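Notes for the structure review
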Amino acid sequence: MRALRMPPQHPPPRWYLIQCKPRQDSRAEENLTRQAFKCYRPTHPVERIQRGRRTASVESLFPGYLFIQLDQLNDNWHPIRSTRGVNQLVTFGKQPIAVADELIDQLKQQLSEKPQKSVTLEPGDRVRINSGSYKELEAIFLARDGAERIVILLQLLHRDHTLSIPISAVEKT
């Protein structure tokens, strides 16, 4: 009886990490995509105060890096290094190291989840702390302390204390 020979298995495309030139993540992604490479640059919304105004923008989750999916046999890796915005393919001992597909899937899933509804607070509003060592205590909102933090007034042991905590740690009561 003759044994059937199976054709050699072609390895699936893998994700690799690219280091970009300073502040050129989006440029590198755009130029690689134009060359028909599949890229993934995780981003997140950021709120900043500039010149007294609150501005919203989208920034890279890992500034200076992006992921690229490459096939070891069919893709031409040589144009990557000379692509505008790209510094180098991240290697270990001159060998590019593949990133686990599960990590990319997990990043995509976490970033696609809807962010919690933004809490709009006015000075003097009562809030309840829902995490951390002051969990379940009530406080008074005083002011914002950057994009992600707030200052609250907490009465503890018959004294008033001001604390700066993440805005995600409170809910309006």
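Here is a short report on the structure shown in this document. Keep in mind that this is a model prediction, so the values were computed, not measured.

What to know about the pairing of strand S3 (residues 43–50)
The pairing of S3 with strand S4 (residues 53–60) spans 8 bridges and is antiparallel. For Arg-48, the partnering residue across the bridge sits in S4 and is Thr-55. Count of turn residues in the S3/S4 antiparallel hairpin: 2 residues, of which Arg-51 carries a positive phi of about 55°.

Side note on a nonpolar patch on the surface
On the surface, Leu-61, Phe-62, Tyr-65 and Leu-111 cluster together into a nonpolar patch covering about 300 Å² of accessible area. Note on placement: Leu-111 falls in helix H3 (residues 101–112). Owing to a relative accessible area of 34%, Leu-111 belongs among the partly exposed residues under this scheme.

Structural notes on the sheet that holds strand S13 (residues 170–172)
What the 5 strands build is an open sheet, ordered S12-S11-S10-S9-S13; its pairing is antiparallel. Taken across any chain shown, the strands that pair with only one partner, and hence form the sheet edges, are strand S12 (159–166) and S13. Here the average twist between neighbouring strands, direction ignored, is 40°. Bridge count for strand S9 (residues 126–129) against S13 is 3 bridges, and the pairing is antiparallel. Residue pairing across strands places Arg-128 opposite Glu-171, the latter belonging to S13.

Here is what the cut-offs are and how they apply
Residues numbered from 1 in each chain as written. Predicted model: local features only at pLDDT ≥ 70, side-chain atom pairs only at ≥ 80, totals over all residues. Heavy atoms only, no water. Pairing = 2+ DSSP bridges. Helix = DSSP H or I, 4+ residues; strand = E, 2+ residues; numbered from the N terminus. Patch = residues over 30% accessible without salt bridge, like charges linked within 9 Å, V, L, I, M, F, W, Y side chains within 5 Å. Areas by Shrake-Rupley, 256 points an atom, 1.4 Å probe, with all protein chains shown as cover. Salt bridge = Lys/Arg side-chain N within 4 Å of Asp/Glu carboxyl O. Buried < 20%, exposed > 50% of the residue type's maximum accessible area, 1.4 Å probe, protein only. Axes fitted to C-alpha atoms, helices over the stretch in contact; angles between N-to-C directions.

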